[in-house]
Amino acid sequence: MTNNPCHGAAEALRAMGRYVEPFGDDLSLWLVDSEEMSGAELMKLAALLGLIPGSATIQ
């Protein structure tokens, strides 16, 4: 298990039925429902959906 916060976001998104897998070896890119996104974008998506705590400045 890793302390990478992207893993928590990925698990939360999977729990709601989204397809989420790492895209590459370094975990900086993710494939979410056939869309490539960065780890930051993955975190942002999970926060905007209310699945993880997010910053008040996320836009």
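Look a little higher up for the structure.
Cut-offs applied
- Residues numbered from 1 in each chain as written.
- Predicted model: local features only at pLDDT ≥ 70, side-chain atom pairs only at ≥ 80, totals over all residues.
- Heavy atoms only, no water.
- Helix = DSSP H or I, 4+ residues; strand = E, 2+ residues; numbered from the N terminus.
- Contact = heavy atoms within 4.5 Å.
- Areas by Shrake-Rupley, 256 points an atom, 1.4 Å probe, with all protein chains shown as cover.
- Buried < 20%, exposed > 50% of the residue type's maximum accessible area, 1.4 Å probe, protein only.
- Arc of directions from axis to C-beta.
- Polar contact = N/O pair within 3.5 Å; in protein donor to acceptor, adjacent residues only side chain to side chain.

Enquirer: Describe the overall build of the protein chain, and please don't skip the residues or the numbers.
Expert: Helix and strand counts for the protein chain come out as two helices and three strands. Its helices and strands taken in sequence order, the protein chain reads α-β-β-β-α from the N to the C terminus. If you take every contact in the protein chain between residues at least 6 apart in sequence, the share linking residues at least 24 apart comes to 29%. Put simply, the protein chain shows about 4,000 Å² of open surface, and 54% of that area lies on carbon and sulfur atoms.

Enquirer: Explain helix 1 (residues 5–15) residue by residue, including any values.
Expert: Within helix 1, burial applies to Cys6, Ala9, Ala10, Ala12 and Leu13. Relative to the axis of helix 1, the buried residues are bounded by an arc of 160° and lie together on one face. The secondary structure elements touched by the buried residues of helix 1 are strand 1 (20–22), strand 2 (29–32) and helix 2 (39–48). Two or three places before cysteine 6, at the start of helix 1, stands the capping residue asparagine 4, its side-chain oxygen 2.8 Å from that residue's backbone nitrogen. Looking one or two places after helix 1, you find glycine 17, whose phi comes out positive at around 95°.

Enquirer: Lay out unusual backbone geometry with the relevant residues and their values.
Expert: A positive phi is found at aspartate 33, a non-glycine position, where the angle reads about 45°. Residue serine 34 is not a glycine yet carries a positive backbone phi of 70°. Inspection of the secondary structure puts serine 34 in the loop between strand 2 and strand 3 (35–38). Exposure remark for serine 34: the relative accessible area of 68% places this residue in the exposed category.

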